[in-house]
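# Observations on chain architecture
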Amino acid sequence: MIDNPEEQEWAILKEYLSSASPQELHHYAASSNYDGNLKALSLIVQNPQLEKGTALLVYWYLGADYFARVEDIPDYARERYEVTRDIQNRYSIGFYKNSNISFDPFEGLLPPGEYESIGTIKRQIPDVMYNPIVGSDGDDRDFDEYDDGLPISVCEKINALYG
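Rules used in this analysis
Residues numbered from 1 in each chain as written. Predicted model: local features only at pLDDT ≥ 70, side-chain atom pairs only at ≥ 80, totals over all residues. Heavy atoms only, no water. Helix = DSSP H or I, 4+ residues; strand = E, 2+ residues; numbered from the N terminus. Buried < 20%, exposed > 50% of the residue type's maximum accessible area, 1.4 Å probe, protein only. Contact = heavy atoms within 4.5 Å. pLDDT = per-residue confidence, 0-100. 1 Å grid on protein atoms, 1.4 Å probe; cavity = no way out; pocket = protein on both sides within 12 Å on 5 of 7 lines; lining within 4 Å. Points joined across faces, edges and corners; volume = space filled by probe spheres on them. Phe/Tyr/Trp six-rings, centres within 6.5 Å; stacked < 30°, edge-to-face > 60°. Expected span 1.5 Å × (residues − 1). Arc of directions from axis to C-beta. Core = buried A, V, L, I, M, F, W, Y, C linked by side-chain atoms within 4.5 Å.

## Topic: the overall build of the protein
Within the protein, the secondary structure is distributed over seven helices and two strands. Seen in sequence order, the protein has helices and strands lined up from the N terminus as α-α-α-α-α-α-β-β-α. Projected onto its principal axes, the C-alpha coordinates of the protein cover approximately 50 × 40 × 25 Å. Expressed as a percentage of its 163 residues, the buried residues of the protein come to 45%. Pairs at least 24 apart in sequence give 82% of the contacts found in the protein among residues at least 6 apart.

Set out below in structure tokens:
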């Protein structure tokens, strides 16, 4: 058994995400499990080369609509909320420049209005966060050799850490 496999797992994941193409980052953001990857999502949203469509996808998939509607942010969700605020701030000031990958917030897994049943909007979401990105990148990459948003080769390296 390897000492500190979690640290080594993070190093492998960080190395991959730091060198991944915009399409690979988008695929990771769209396909990974949001229950255990906040650290990785926090890393990619700090990248100024991240596509606007990917930033919007992460923003809405982290639960922006939920956070806009709850009175108090639960402790267990505070870090997720902080990441959505970071994306919102960066997006609003033009930190993300590229619009090559499409994303429509209203067609995603957690669209605006998803949490309407818990109440009205209490924290305003800037209009720009609702605007679809119509990209020009017709990337037809085959992501069949990926698992949870990662190439199988990266998954194998991570799995090897845990014997």
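## Regarding the confidence of the model for the protein
On average, residues of the protein score 91 in pLDDT, and 95% of them reach the 70 mark or higher. No element of the protein has a lower mean pLDDT than strand β1 (residues 146-147), at 84, and none a higher one than helix α6 (residues 78-92), at 97.

## A look at empty space enclosed by the protein
This model, assessed by the stated rule, comprises one cavity of 30 Å³ or more. Approximately 80 Å³ is the volume found for the largest cavity. In terms of lining residues, the largest cavity is bounded by Y59, A64, F67, A68, Y81, T84, R85, Q88, R123, Q124 and I125. Taken together, the elements giving at least two residues each to the lining of the largest cavity come down to α5 (64-69) and α6. The element contributing the most residues to the lining of the largest cavity is α6, with four residues.

## Considerations on the packing of aromatic side chains
Inspection of every chain in the model, using the stated rule, returns 10 aromatic pairs. Between the aromatic rings of Y91 and Y96, the centroid separation amounts to 6.2 Å while the plane-to-plane angle is 45 degrees, which identifies the pairing as tilted. Here the two residues Y91 and Y96 agree in accessibility, since each one is buried.

## Notes on helix α1 (residues 5-19)
Its 15 residues give α1 an end-to-end C-alpha distance of 21 Å, which sits within 8% of 21 Å, the value for a rise of 1.5 Å per residue. Here α1 has its buried residues at P5, W10, I12, L13, Y16 and L17. Along the long axis of α1, the arc covered by the buried residues comes to 165 degrees, so they all point the same way. When the buried face of α1 is taken as reference, the exposed residues oriented beyond 90 degrees from it are E7, E15, S18 and S19. For α1, the elements touching its buried residues are α2 (22-31), α3 (38-45), β1, β2 (150-151) and α7 (152-161).

## A closer look at the environment of A77
Among the secondary structure elements, A77 is positioned in the loop between α5 and α6. Taking the C-alpha atoms as reference, A77 lies 9.7 Å from L62; in sequence the two are 15 residues apart.

## Some thoughts on unusual backbone geometry
Despite not being glycine, D148 shows a phi value in the positive range, around 55 degrees. Take D148: it is sitting in the loop between β1 and β2.

## Some details on the layout of surface pockets
Estimates place the volume of the largest pocket at around 420 Å³. Top contributing element to the lining of the largest pocket by residue count: α1, with four residues.

## Some words on the nonpolar core
If you look at the biggest cluster of nonpolar residues, it comprises 41 residues, and the most contacted ones within it are I44, V58 and I87. Element by element, the count of residues in this core is highest for helix α4 (residues 52-61), at seven residues. If sequence neighbours within four positions are ignored, I87 has contacts with V45, A55, V58, Y59, L62, Y96 and M129. In terms of nonpolar packing, the next biggest core, distinct from the first, is built from six residues, Y66, V70, I73 and Y81 among them.

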